[in-house]
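Geometric and topological summary
Here's the letter readout for the chains.
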Amino acid sequence: MKTYKAVIIDDERLAREEVKRALKKYPEFIVVGEANNVDAAIKLIANEDPDLLFLDIHMPEKSGFDLLEELTTVPEVVFTTAYDQYAVKAFELNALDYLVKPLREERFAKTIEKVKQELVEKAKVPQDVLPMHKKIFIKDGESCYFIPISDIYYIESMENYARLYFGDKKAMIKRSLNLLEKKLDTTVFFRANRSQIINTHFIKEIHPHFNNKLHIILISGEKIEVSSRQSVKFKNWNSL
């Protein structure tokens, strides 16, 4: 039986015990640790590399959203909280799931089923590459997003940061363009030049440009000049 590592993060001990009791019915999930604050959780996650987080949103000093922003790689996340006013925001973020405390057995079972399906799909993709259906968390100022990788159509470098474009929104992330490039599916995302990566599914037009360069127009209207070197690579990559 395939097993998965779970971590429970909640400032209330009784709430953590409640999640552990609920998980006892699912032996494929092994609780490898728990934390009552964000700083302790960061260390625990770094040491254990869990597959799943049960994460309380409302905690003293730092919230569950703050924790996700600080993680380099985010495991699957199920939000838990006693405050149901967070539910709308959580679903707007496309969270994997959301549980209101106290937990209900039937609702918890549906969550576990959803988690297992997600983990099975994740296992089909090389671990160093983010699956296209994978959602990444971004906290940009007061705004928070869970964005499917497939929705990101354009990424531009901002020195040690990157700005991601998705839908009609854009947000900053504390990652360099070089680091993001290593994590993205290279059959879909293409490095157009030193400062821009595009999602090829969003290409509208391709035009020849001077010095054998290519000029790409995205569906969203962005005009991207592909460097000479990358233009050659794109032509070879896109040929039969």
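What counts, and where the lines are drawn
Residues numbered from 1 in each chain as written. Predicted model: local features only at pLDDT ≥ 70, side-chain atom pairs only at ≥ 80, totals over all residues. Heavy atoms only, no water. Helix = DSSP H or I, 4+ residues; strand = E, 2+ residues; numbered from the N terminus. Buried < 20%, exposed > 50% of the residue type's maximum accessible area, 1.4 Å probe, protein only. Contact = heavy atoms within 4.5 Å. Areas by Shrake-Rupley, 256 points an atom, 1.4 Å probe, with all protein chains shown as cover. Lys, Arg positive; Asp, Glu negative; His and termini not counted. Charge placed at Lys NZ, Arg CZ, Asp CG, Glu CD. Domains from an automatic or database assignment. Pairing = 2+ DSSP bridges. Arc of directions from axis to C-beta. Polar contact = N/O pair within 3.5 Å; in protein donor to acceptor, adjacent residues only side chain to side chain. Axes fitted to C-alpha atoms, helices over the stretch in contact; angles between N-to-C directions. Salt bridge = Lys/Arg side-chain N within 4 Å of Asp/Glu carboxyl O. UniProt positions renumbered as here; feature names shortened; annotations may be inferred. Phe/Tyr/Trp six-rings, centres within 6.5 Å; stacked < 30°, edge-to-face > 60°.

Time to look at the overall build of the chain. If you tally the helices and strands in the chain, you get seven helices and 15 strands. Structurally, the chain occupies a C-alpha span of about 65 × 40 × 30 Å along its principal axes. By residue count, 45% of the 240 residues in the chain fall in the buried class. Here the contacts in the chain between residues at least 6 apart in sequence split such that 49% fall between residues at least 24 apart. Summed over all atoms, the accessible surface of the chain reaches about 13100 Å², with 50% contributed by carbon and sulfur. The average position of the 37 basic charges and that of the 37 acidic charges among the side chains of the chain differ by 4 Å.

With that settled, consider the domain arrangement of the chain. Once the domains are mapped, the chain shows domain 1 (4–123) and domain 2 (140–238). Put simply, the middle of domain 1 and the middle of domain 2, counted by C-alpha atoms, are 32 Å apart.

Here we come to the pairing of strand 12 (residues 196–199). The side-chain alternation of strand 12 yields two buried faces, one formed by Q196 and I198 and the other by I197 and N199. Note that strand 11 (residues 189–193) and strand 12 share four bridges and pair antiparallel. Paired with R191 across the strands is I197, a residue of strand 12. Linking two consecutive strands that pair antiparallel, namely strand 11 and strand 12, is a turn of two residues.

On to helix 2 (residues 38–48). Among the residues of helix 2, V38, A41, L44 and I45 are the ones counted as buried. The buried residues of helix 2 occupy an angular sector of 115 degrees when projected down its axis, which confines them to one face. Exposed residues lying more than 90 degrees from the buried face of helix 2 are K43, A46 and N47. As for helix 2, its buried residues are in contact with strand 1 (4–9), strand 2 (29–35), strand 3 (52–56) and helix 3 (64–70). The distance from a side-chain oxygen at the start of helix 2 to the backbone nitrogen of D39 is 3.2 Å, and the residue carrying that oxygen is N37. Directly after helix 2, the chain includes D49, whose backbone phi takes a positive value near 50 degrees.

If you walk across this open sheet you meet the five strands as 10-9-8-12-11, and the pairing is antiparallel. Whereas interior strands pair on both sides, the edge strands pair on one side only; in this sheet they are strand 10 (169–173) and strand 11. Adjacent strand axes in the sheet meet at a mean angle of 20 degrees when their direction is disregarded.

Inspection of every chain in the model, using the stated rule, returns 15 salt bridges. In this structure, R16 engages E34 in a salt bridge whose closest nitrogen and oxygen atoms are separated by 2.6 Å. Of this pair, R16 sits in helix 1 (residues 13–23) while E34 sits in strand 2; the two residues are 18 residues apart in sequence, bridging distant segments of the chain. Here R16 falls in the buried class, since its relative accessible area comes to 10%.

A few words on the UniProt feature "modified residue: 4-aspartylphosphate" (unreviewed entry) in the chain. The UniProt record marks D56 with the feature "modified residue: 4-aspartylphosphate" (unreviewed entry), using the residue numbering of this structure. Position of D56 among the secondary structure elements: in strand 3. In contact with D56, not counting residues within four places along its chain, are I9, D10, D11, G64, T80, T81 and K101.

Turning our eyes to something else, we now look at the packing of aromatic side chains. Across all of its chains, the model carries twelve aromatic pairs by this definition. Measuring from centroid to centroid gives 5.4 Å for F137 and F146, while their planes differ by 70 degrees, and the two rings are edge-to-face. Summarising the burial analysis for this pair, F137 and F146 share the class buried. Consider the rings of Y145 and F166, whose centres lie 5.2 Å apart with planes at 70 degrees: the pair is edge-to-face. With Y145 in strand 7 (residues 143–148) and F166 in strand 9 (residues 161–166), the pair connects residues that are 21 residues apart, well separated along the chain.

A few words now on the pairing of strand 9. One ladder, built from six bridges, connects strand 8 (residues 152–158) with strand 9; its direction is antiparallel. Within strand 9, the position partnered with S157 by the bridge is A162. The antiparallel hairpin formed by strand 8 and strand 9 contains two residues in its connecting segment, where E159 sits at a positive phi of about 60 degrees. Bridge count between strand 9 and strand 10: five bridges; the pairing is antiparallel.

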